[in-house]
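A structural walkthrough
Listed here are the chains, written in short residue letters.
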Amino acid sequence: MSTTAIPAGTKWWNGGRSPFNSSYGKVMMWYFLMSDAFTFGAFLISYGTIRFSVNNWADPNHVFNSFPFAGHANLPLAFVSLMTFILIFSSVTMVLAVHEGHNMNRKGVEKYMLLTIIGGIAFLSCQAWEWTHLLTGEHVALLSNGTLDAIPTTVKANPWGHDLANAEMLAALQKTPHDQLVKIAASLHHGAEAATHTNYEALSNADLVNQISASGLHATHSGPIAFGGYFFGITGFHGFHVFSGVVINCIMYIKTKIGHFEQRGHYEMIEKAGLYWHFVDLVWVFVFLCFYLI
Amino acid sequence: MSTHTNSEISFPAEHSGGTKRIWKIFWVLSFLTLIELALGYFLYAKHPDLSHTSILATKIVIGVLTLLKAYYIVSVFMHLGDEVRNMIMTIVVPLALFVWFIIAFLWDGDSWKNLRNTNAGSKPDTHEQQVVPAAKEPGQKD
């Protein structure tokens, strides 16, 4: 702990000095972050309320089990751990940049700001991959109209309900129209060329149903629609904070590089940007908890 | 006043010397995250065998570890621990509202689920019995 030399009996509130022994900008950054914490908190609590109110919320280990270039390997928690460690590490480089700023070491600030920016971009790239994977990866689920379809995870569709019993699945297949059957058959053999897709179009409904039921299809009920809205809404809002944090860090890097802070005699702006960046990491700790871990 | 570049700051904040503490906290955060992941994996791997109480208990432990991580980030990385006590209080005390927010809203969500499952109390809650056999269907893939 630092031992800030504050004389005993200091009259903080008599005017002429900051009662919080801190600059206006830093105190206001703290209050902004506190209000932002309430915004994120409200989102996460709203998500928790809805999740508690339904029986069939998606199991995160089921939804988030893929890793880039790992194909269909079942790897729950792996990718999100990588994202978490990227963000923790970029928080460390940020606090090291602030530290170098206290020592008035311009080169050190530049180096660590650059590493922090790289960490932020790496995190955003991971998130872009994850979103793409969810928005394009189709899974066969029972729709509310009693038919089966291959649907992705979006704000309007959620294929992550309970497993569908085999008899129910066969009954639903009988009711499923041709175009949806073609889509399901194609999704079962994806990786195959588009040529096979046209072959499915030429098949009759009965042939398609036979092919699909012979393939050992694993179908589910549809899950609560709210899942996609909360997931994309909250991780999107957090991702936007990361993005704006990267932009702020880039501005700070440029200002350091051209010597603005050296002229000013202190690196307090790096501290304020650092507060914002650590807050982004702090929010991720809770997003990680609420969406992926439990 | 003339000796200060920024007259607002009476005593320039002084942060502890080396980078040792920063790296120590990095290892603490990594370690806590690894424990969380181990518990999360435990929940995933043992899910069908666990009782409701032990699942809830594990989740609460993960939540407490998360709060511990938050404490280290705020106190050390954001240097809030080095600020004047009054300032710490203006930030931490309002956030205490979250304690009640979380209890009240999750309670509400749970009550909502019970009302839905029991048709507002007019039929017994049969939901739990319906779900358990479906989850243990043989030959299913994750």
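Residues numbered from 1 in each chain as written. Chains lettered and ligands numbered in written order. Predicted model: local features only at pLDDT ≥ 70, side-chain atom pairs only at ≥ 80, totals over all residues. Heavy atoms only, no water.

In this section: the overall build of chain B. Counting secondary structure elements, chain B contains five helices and zero strands. Ordered by position from N to C terminus, the α and β elements of chain B give α-α-α-α-α. The 142 residues of chain B split such that 30% are buried. Counting only contacts in chain B whose residues sit at least 6 apart along the sequence, the fraction spanning at least 24 positions is 48%. Only carbon and sulfur atoms are counted for the fraction: they give 67% of the accessible area of chain B, which is about 9100 Å². (Helix = DSSP H or I, 4+ residues; strand = E, 2+ residues; numbered from the N terminus. Buried < 20%, exposed > 50% of the residue type's maximum accessible area, 1.4 Å probe, protein only. Contact = heavy atoms within 4.5 Å. Areas by Shrake-Rupley, 256 points an atom, 1.4 Å probe, with all protein chains shown as cover.)

This paragraph deals with the nonpolar core. Core analysis: the largest hydrophobic core is formed by 83 residues, its most contacted members being Ile270(A), Trp284(A), Phe291(A) and Phe77(B). For this core, the element with the most residues is helix α11 (residues 268–293) of chain A, which contributes 18 residues. (Core = buried A, V, L, I, M, F, W, Y, C linked by side-chain atoms within 4.5 Å.)

Each side of the interface is counted separately: chain A has 73 residues, and chain B has 69 residues. Across the chain A to chain B interface the summed buried area is about 6300 Å²; carbon plus sulfur atoms make up 70%. Between chain A and chain B we count zero salt bridges in total. In this structure, the connection of chain A to chain B is made through five residue pairs in polar contact (both at pLDDT 80 or more). (Buried area = accessible area lost by both parts, 1.4 Å probe. Salt bridge = Lys/Arg side-chain N within 4 Å of Asp/Glu carboxyl O. Polar contact = N/O pair within 3.5 Å; in protein donor to acceptor, adjacent residues only side chain to side chain.)

Residues and elements named next belong to chain A. Here strand β2 (residues 148–151) shows a buried face lined by Leu148 and Ala150 and a second buried face lined by Asp149 and Ile151. With four bridges connecting them, strand β1 (residues 139–142) and β2 associate as antiparallel partners. By the bridge assignment for β2, valine 140 is matched with alanine 150. The hairpin formed by β1 and β2 contains five residues between the paired strands, and glycine 146 there has a positive phi angle of roughly 85°. (Pairing = 2+ DSSP bridges.)

Our focus in this paragraph is the packing of aromatic side chains. Enumeration according to the criterion identifies 31 aromatic pairs over all chains in this entry. The interplanar angle of 70° and the centroid separation of 5.8 Å between the aromatic rings of Tyr47(A) and Trp57(A) together place this pair among those described as edge-to-face. Of this pair, Tyr47(A) sits in helix α1 (residues 24–53) while Trp57(A) sits in the loop between α1 and α2 (60–63), and the two are ten residues apart along the sequence. Since its relative accessible area comes to 13%, Trp57(A) is described here as buried. A ring pair is formed by Phe89(A) and Phe26(B), whose centres lie 5.5 Å apart and whose planes are at 80°; its orientation type is edge-to-face. Note that Phe89(A) is positioned in helix α3 (residues 78–102) and Phe26(B) in helix α1 (residues 20–46), a pairing that runs across two chains. Three or more aromatic residues joined by ring pairs make a cluster, and in this case those are Tyr47(A), Trp57(A), Phe64(A), Phe123(A), Trp131(A), Phe227(A), Tyr230(A), Phe231(A), Phe232(A), Trp284(A), Phe291(A) and Tyr292(A). (Phe/Tyr/Trp six-rings, centres within 6.5 Å; stacked < 30°, edge-to-face > 60°.)

Residue and element names in this part refer to chain A. Structurally, the position occupied by asparagine 158 is in the loop between β2 and α5 (166–175). Taking relative accessible area as the criterion, asparagine 158 reaches 1% and is therefore assigned buried. A polar contact is formed between the side chain of asparagine 158 and the backbone nitrogen of tryptophan 160, at a distance of 2.8 Å. Beyond its immediate stretch of four places on either side in the chain, asparagine 158 contacts Ile151, Pro152, Ser222, Gly223, Pro224 and Phe227.

Time to look at the pattern of salt bridges. Under the defined criterion, the tally for this structure stands at eight salt bridges over all chains. Put simply, Glu110(A) and Lys107(A) hold a salt bridge, and the shortest N to O gap is 3.6 Å. Here Glu110(A) and its partner Lys107(A) are both found in helix α4 (residues 106–136), three residues apart, which amounts to about one turn of the helix. In this structure Glu110(A) comes out as buried when scored by relative accessible area, which is 6%. Note on Lys107(A): relative accessible area 56%, which makes it exposed. In this structure, Glu36(B) engages Lys69(B) in a salt bridge whose closest nitrogen and oxygen atoms are separated by 3.1 Å.

Right, let's talk about the confidence of the model for chain B for a bit. Residue and element names in this part refer to chain B. Mean pLDDT over chain B works out to 80, with 76% of the residues at or above the 70 mark. A low-confidence stretch, residues 1–12 (pLDDT under 50), is modelled with 23 contacts involving residues beyond four sequence positions or located in other chains. In the model, residues 129–142 has pLDDT below 50 throughout and makes ten contacts with residues more than four positions away in sequence or in other chains. (pLDDT = per-residue confidence, 0-100.)

Of the strand pairs in this sheet, β1(A) and strand β3 (residues 220–221) of chain A are connected by two bridges, and their pairing is parallel. Its bridge partner lying in β3(A), Ala141(A) is registered against Thr220(A).

This brings us to the sheet that holds β3(A). Residues and elements named next belong to chain A. Strands sit in the order β2-β1-β3 across an open sheet of three strands; the sheet is mixed. Here the strands that pair on one side only, and so sit at the sheet edges, are β2 and β3. Packing of helix α6 (residues 178–188) onto the sheet brings it into contact with β1 and β2, and relative to β2 it is tilted by some 55°. (Axes fitted to C-alpha atoms, helices over the stretch in contact; angles between N-to-C directions.)

All names here are of chain A. Nonpolar side chains collect at one region of the surface, where Phe240, Phe243, Val247 and Ile251 lie side by side and expose about 380 Å² of accessible area between them. Secondary-structure assignment places isoleucine 251 in helix α9 (residues 226–257). Take isoleucine 251: its relative accessible area is 44%, and that puts it in the partly exposed class. (Patch = residues over 30% accessible without salt bridge, like charges linked within 9 Å, V, L, I, M, F, W, Y side chains within 5 Å.)

For the rest of this paragraph, the subject is unusual backbone geometry. A negative phi angle is the norm for most residues apart from glycine, just as the trans form is the norm for most peptide bonds. One non-glycine residue, Leu77(A), lies in positive phi territory at about 70°. Within the secondary structure, Leu77(A) is located in the loop between α2 and α3. By relative accessible area, Leu77(A) is classed as buried at 7%. Of note in this structure, His79(B) is not a glycine but carries a positive phi near 60°. When you line up the elements, His79(B) lands in the loop between α2 (52–77) and α3 (85–95). Note on His79(B): relative accessible area 15%, which makes it buried.

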